[in-house]
Number of protein chains: 2
Amino acid sequence: MEKIPPVKGTRDFYPDQMALRNWIVDGWRAVSQRNGFVEYDGPIFEYLQLYTQKSGDEIAGQLFSMTDRGGRDLAIRPEITPTLARMVNQQINSLARPIKWFSVPRLCRAERPQKGRLREFFQWNCDIIGSDSVYADADCIYTAIDYLRSVGLGSDDIVVKISSRAMLAELLKHLGFAQEQLDSVYALLDKRAKLPAETFIELAKDKITDEKLRDKLFAMLDKLQPEDDAIGDKLDKIIKYAPDSKHVQQLDGVFYYLGKMAVADYCEFDINIVRGLAYYTGIVFEIFDRKNTLRAICGGGRYDNLLAGLGGQQVPAIGFGMGDVVLEILLSEKNLLGHSQQELDFFVVYDDYKIFEEKGLPLINQLRKRGHSAVFDYRRGAMGKQLKQAATQKATFAVIIGQETKADGNVTVKNMAEGTQQVMKIEELPDRAEQLTGS
Amino acid sequence: MEKIPPVKGTRDFYPDQMALRNWIVDGWRAVSQRNGFVEYDGPIFEYLQLYTQKSGDEIAGQLFSMTDRGGRDLAIRPEITPTLARMVNQQINSLARPIKWFSVPRLCRAERPQKGRLREFFQWNCDIIGSDSVYADADCIYTAIDYLRSVGLGSDDIVVKISSRAMLAELLKHLGFAQEQLDSVYALLDKRAKLPAETFIELAKDKITDEKLRDKLFAMLDKLQPEDDAIGDKLDKIIKYAPDSKHVQQLDGVFYYLGKMAVADYCEFDINIVRGLAYYTGIVFEIFDRKNTLRAICGGGRYDNLLAGLGGQQVPAIGFGMGDVVLEILLSEKNLLGHSQQELDFFVVYDDYKIFEEKGLPLINQLRKRGHSAVFDYRRGAMGKQLKQAATQKATFAVIIGQETKADGNVTVKNMAEGTQQVMKIEELPDRAEQLTGS
């Protein structure tokens, strides 16, 4: 019989990889909660239309789609924001605002697998719906940083690049672009940091045929390059292009808040940040490693029209997504990976299986009922082998059930790390287990 | 713009439902760990062939399948056992045995949604691979009971019905059935408890055309009805049909172990238990509510040939799956549902937003950095409204930043449940937060 392989671009989570994944997800959960987000989730598949309607061509081109028995077109979720919008729309009148929700969905995209990009991954999502305040924008960005800081990434490791799509729209219109050209300029700019300068220029010539307009755009981009000035100076420059812009003030407000929250050194303004998804309307941001050798670790922004676009009311919203794949690569490079440890409290060792069945099985039941992990050898192997097994499985204690257990009801409890041991009545062990294991 | 609904048979997990799901999953995790299982997971989709090859017609007929860009046939996992077998086969030589693994996969089956059965659900899986011991069978069954007991289900609420497919095969052969008839008799028996007696007899006439053989089968089933005798008497009866059967002894051993583990009152022998999946070989079991108004809560069994059937070595294995849908219905009926509480430690309330930004934002950063949850109002609403919001969100403390905070650096920390309050320097709060919240 032939062996069937896993599908390329998916991952098998053996216990070590699972412990790592749990460590990442547990961290996301803890930081979400301390920032006031509550957890939700949706189905793994939705009607195809939910994604083709609003997410934009890039996402729509990467769908795993299928048809059910009733001939309905479905797709595995490539992102959770449309589901979130659908769910909030369904209960908009009963949900207290602002809605601060998080989720850690499993997502699938039919992409070519490559470094930092798989066909199946997990993505932390935090969203704030029902507030158009700059506080919400800033609190959202802060939450992403709060996690990355919590796992040991400093402002010399990562950078949050922030801009505003609404502001960019104003700047572009000021230069002479028409409303209907904006989407293609966004798509172009989104590629700028990812392409060699020459390739980008070629692409720009293709997308913006008006040479004068193109030159104006390049001139502006050069002036607003992120490398040179402090944020205040940059925004001053921008104001020359858009003198009455409330969007510049909003951006300024976001930076002010982030400064008060002591994470300003993580943050930069960057005019090139646009985001690939079609539905963003205001503040947009992406987080990168400072060396800029990896894809974005995180991306997000304001999407004030999405809920209305999916048949709901006009409700402002902002959120971000952080995938596990690039994050894991970066944390691994920085030697910052952890894992959720699963502890084995007791390995019950025996020589005579009849005594074990009589005395050991009830003991194991008692230990487990109280929440302690307890296992034993199924093979009735030699005691030495069982002790080795206990060591291999990193048991905290070995409980030795021998002939004396039958004779006088005693067991030997051996601390595997320290090598010390103590003898006690078998009936006493369940009561003393909490003190022994410290849990 | 039209609203797109969720797909029928899927669930939206709003925060309340998510807290319930997390409570169930956390319970499964804790019981898995205390019984010595370690967590793994696989991809949400696999090559279609992995399921069509070994799972049997029922599962194969319920697949959500799709084709990727390369024309490969894929399917969303309807169960995780084939993935488990694939993963173990891949690393069989480096994995220490017995392999005791658990997982809580999200699974999808293209069924007609009905009570207790959805098209998307979560299923707790525990498997022991690499041991053919009766201990492994029994430990597996014990683990399922250990969870159900831990959430408050007693032996008057639920029953574990246990049989052996290998033993049944012997009995059937003893009656005169040929090897190649066995699968269709299994399929027939699997339906017995689910159908009215008359419908079952009609179906039996259809499947077993030999009247004499059919009558013999009915006579044996009647004799081995589960209602009447103690397990010992039942097995004595069976031995008359299969005098040298080691399978009867194994079954006897499983019941002996479960008795020593103090869960015998949950367990019954039931000759009707066969399991729908094609790959079971030995001990099989299902767990039902005693009133028998719901579908099975849990099902499992030994599948010693599956790994070899998927291109691996011959390695014995046993496992079970417990879905969340029927479980939730039963726990709800019994009023035993819980939920994973998410606590909000601090709601920071302010009247003057400038003072808040100066003093409150750094405080919130400090609290969150130390792991305490802390939020504030984005709307700069009136203080009374903010305090109401703090109450609605069930914050443990409201921290009031007022004019005195500017004047002398004091904040008022109000215990929302007790109504008591204390005044302290704002800089002291982060250090005292642990003591205040008890975490």
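See above for the structure.
Since we're looking at a predicted model, the values are computed, not measured.

What is the right way to look at the packing of aromatic side chains in this model?
By convention here, two paired aromatic rings are described through the distance between centres and the angle between planes. With the rule as written, the count across this model stands at 40 aromatic pairs over all chains. For the pair tyrosine 14 of chain A and tryptophan 101 of chain B, a centre-to-centre distance of 5.9 Å together with 80° between the ring planes defines the contact as edge-to-face. Note that tyrosine 14 of chain A is positioned in the segment before helix H1 (15-34) and tryptophan 101 of chain B in strand E5 (residues 99-103), a pairing that runs across two chains. We note that tyrosine 14 of chain A, like tryptophan 101 of chain B, is buried. Through a chain of ring-to-ring contacts, the aromatic side chains of Tyr135 and Tyr257 of chain A together with Tyr350, Phe356, Phe376 and Tyr378 of chain B assemble into a single cluster.

Please clarify how the packing of helix H14 (residues 353-369) of chain A against helix H17 (residues 429-437) of chain A should be interpreted in this entry.
Residue and element names in this part refer to chain A. Across the interface, H14 lies against H17 with an axial gap of 9 Å and an inter-helix angle of 45°. The pairing of H14 with H17 is recorded here as oblique in orientation. Along this stretch, H14 crosses H17, giving a crossing that reads as right-handed. When H14 is examined against H17, the residues Leu363, Gln366 and Leu367 are found in contact with a partner set consisting of Leu429, Pro430 and Ala433. Each residue belonging to the contact of H14 with H17 can be placed in one class, and the counts come to five nonpolar, one polar and no charged.

Any chance you could explain the environment of lysine 359 of chain A here in plain terms?
Residue and element names in this part refer to chain A. Mapped onto the secondary structure, lysine 359 falls in helix H14. The spatial distance from the C-alpha of lysine 359 to the C-alpha of lysine 406 is 8.0 Å, given a sequence separation of 47 residues. Sequence-distant contacts of lysine 359, defined by excluding residues within four places in its chain, comprise Ile401, Thr405 and Ile426.

Can you help me understand the sheet that holds strand E13 (residues 344-350) of chain B in this one?
Sheet strands pair by backbone hydrogen bonding; their relative direction is either parallel or antiparallel. Residues and elements named next belong to chain B. One open sheet holds the five strands; their spatial order is E14-E13-E15-E16-E17, and the pairing between them is mixed. Every interior strand has two partners, whereas the edge strands, strand E14 (374-376) and strand E17 (421-425), have only one. Each adjacent strand pair in this sheet contributes to an overall mean axis angle of 25°, direction not counted. Here three bridges tie E13 to E14, and the two strands are oriented parallel to one another. When the sheet's bridge partners are listed, valine 348 is paired in E14 with phenylalanine 376. On the sheet, helix H15 (residues 383-392) packs against E13 and strand E15 (395-401) and is oriented at approximately 175° with respect to E13. On the sheet, helix H17 (residues 429-437) packs against E13, E15, strand E16 (410-415) and E17 and is oriented at approximately 150° with respect to E17.

What counts and how
Residues numbered from 1 in each chain as written. Chains lettered and ligands numbered in written order. Predicted model: local features only at pLDDT ≥ 70, side-chain atom pairs only at ≥ 80, totals over all residues. Heavy atoms only, no water. Phe/Tyr/Trp six-rings, centres within 6.5 Å; stacked < 30°, edge-to-face > 60°. Helix = DSSP H or I, 4+ residues; strand = E, 2+ residues; numbered from the N terminus. Buried < 20%, exposed > 50% of the residue type's maximum accessible area, 1.4 Å probe, protein only. Axes fitted to C-alpha atoms, helices over the stretch in contact; angles between N-to-C directions. Parallel < 35°, antiparallel > 145°, perpendicular 65-115°, else oblique. Left-handed = near helix turned anticlockwise from the far one by under 90°. Contact = heavy atoms within 4.5 Å. Nonpolar A, V, L, I, M, F, W, Y, C, P; charged D, E, K, R; others polar. Pairing = 2+ DSSP bridges.

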